[in-house]
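# Fold and geometry: a report
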Amino acid sequence: KARQSWVVASGGDFEGFIRNHINQVLNSEGIVAIKGDRLKQLGKNSKKIQELIKFLTLPSKRRCTQTSVDVWPDNDILVLLKTENSVWRILASISAKTSSHSRNTSVLFWSLAVSSLGIKYFLATQDRDNQFVKKCTSSNVNQERKLFEAYCDRVFTLNPNASHCSQVKSLILRDDGSSELTDELLELKRQITGNTNNRKTVSIEDLDNY
């Protein structure tokens, strides 16, 4: 069953698979997953969403011209929580990659860049190159994997042969549709609200009207 879910996700849009998974499990908990670029589009008609975009945008300095430029991070997927007072808060940014070597430098850079925002930065990977099959304590774990474990807040892998640890979690769906990724997002909700009993079903359409 684990291998089947890996093959199904590999055959389609992995990023869409992650978004749909989060929304199916956590919309009833007030949590929504949305493409980062779509959130930017929604900001064209909403001042409140423009504030979220402004929060996520990183100011950078060009030393050669001594000017400033606003930079939008690599937000493949943004996960937001609607609080009891109907304010949306960003829980996490997720970089979805089919393999760990896919734009790995970009992932590591953005994980460091957004750390100042106080949101989590996760890597979700199919791990087609089997980077996370060896145990993290193995003597021949490569440098790339060590960097992902060091600088991403968590790595979630869909590879059914993966070895898991405190930093590398499974993305294999359970029988009830949940995963260790949705568990992590629920824990982030608990840290913000104090508990996970406050439930308010939401959808992306709620962001449309924010």
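Now for a quick tour of the structure. (Residues numbered from 1 in each chain as written. Predicted model: local features only at pLDDT ≥ 70, side-chain atom pairs only at ≥ 80, totals over all residues. Heavy atoms only, no water.)

### Examining the overall build of the chain
Within the chain one finds 8 helices and 8 strands. Across the 210 residues in the chain, those meeting the buried criterion constitute 49%. Counted over contacts in the chain with a minimum sequence separation of 6, partners at least 24 positions apart contribute 64%. When the accessible area of the chain is evaluated, it comes to approximately 10900 Å², of which 46% is carbon and sulfur surface. (Helix = DSSP H or I, 4+ residues; strand = E, 2+ residues; numbered from the N terminus. Buried < 20%, exposed > 50% of the residue type's maximum accessible area, 1.4 Å probe, protein only. Contact = heavy atoms within 4.5 Å. Areas by Shrake-Rupley, 256 points an atom, 1.4 Å probe, with all protein chains shown as cover.)

### Remarks on the sheet that holds strand β8 (residues 168-170)
Pairing is mixed in the open sheet, where 6 strands are placed in the order β1-β4-β5-β6-β7-β8. The open sheet terminates on both sides in strands that have one partner only, identified here as β1 (31-35) and β8. Between one strand axis and the next, the sheet turns by 30° as a mean value, whatever way the strands run. Pairing between strand β6 (residues 120-125) and strand β7 (residues 154-157): 4 bridges, direction parallel. Bridging from a neighbouring strand, Phe 122 pairs with Arg 154 of β7. The strands that helix α2 (residues 14-26) touches are β1, β4 (77-82), β5 (88-97) and β6; relative to β1, the one it contacts most, it runs at about 165°. Relative to the sheet, helix α4 (residues 47-56) contacts β4 and β5, its axis offset from that of β5 by approximately 55°. (Pairing = 2+ DSSP bridges. Axes fitted to C-alpha atoms, helices over the stretch in contact; angles between N-to-C directions.)

### Description of α4
Every α-helix winds through 3.6 residues per turn, so residues three or four apart in the chain are directed the same way. Every buried residue belonging to α4 is among Ile 49, Leu 52, Ile 53 and Leu 56, and all of these are buried. In an axial view of α4, the angular spread of the buried residues amounts to 100°, which keeps them on one side of the axis. Residues Lys 47, Lys 48, Glu 51 and Lys 54 are exposed on α4 and point more than 90 degrees away from its buried face. Where α4 is buried, its residues meet α3 (36-42), β2 (58-62), β3 (67-71), β4, β5 and α8 (204-208). (Arc of directions from axis to C-beta.)

### Describing the pairing of β7
Residues Arg 154 and Phe 156 of β7 are buried on one face, and the alternating residues Val 155 and Thr 157, pointing to the opposite face, are buried as well. Taken together, β6, helix α6 (residues 143-151) and β7 form a β-α-β motif whose crossover is right-handed. In terms of strand pairing, β7 meets β8 through 3 bridges, oriented parallel. Among the inter-strand pairings, Val 155 is bridged to a residue of β8, identified as Val 168. (Right-handed = clockwise from strand over helix to strand, strands pointing away.)

### Structural notes on α6
All buried positions along α6 are accounted for by Glu 144, Arg 145, Phe 148 and Glu 149. When α6 is viewed along its axis, its buried side chains cluster within an angular range of 135° and face the same direction. What points out from α6, more than 90 degrees from its buried face, is the exposed set Gln 143 and Ala 150.

### Describing unusual backbone geometry
Phi is mostly negative for residues that are not glycine, and the peptide bonds are mostly trans. One non-glycine residue, Ser 86, lies in positive phi territory at about 65°. Examined against the element boundaries, Ser 86 turns out to sit in the loop between β4 and β5.

### Quick look at the nonpolar core
Grouped together as the largest cluster of nonpolar side chains are 32 residues, with contacts concentrated most on Leu 56, Leu 78, Leu 80, Trp 88 and Phe 148. Looking at this core, the elements that each hand over two or more residues are β1, α3, α4, β4, β5, α5 (104-113), β6 and α8. Top contributing element to this core by residue count: α4, with 4 residues. Discounting chain neighbours no more than four positions away, the residues touching Leu 56 are Leu 39, Val 71, Trp 72, Pro 73, Asn 75, Leu 78, Ile 90, Leu 117 and Ile 119. One finds Ile 18, Leu 26, Ala 124 and Leu 171 within the second-largest nonpolar core, a separate group that totals 23 residues. (Core = buried A, V, L, I, M, F, W, Y, C linked by side-chain atoms within 4.5 Å.)

Functional significance is not addressed by these values, which are geometric in nature.
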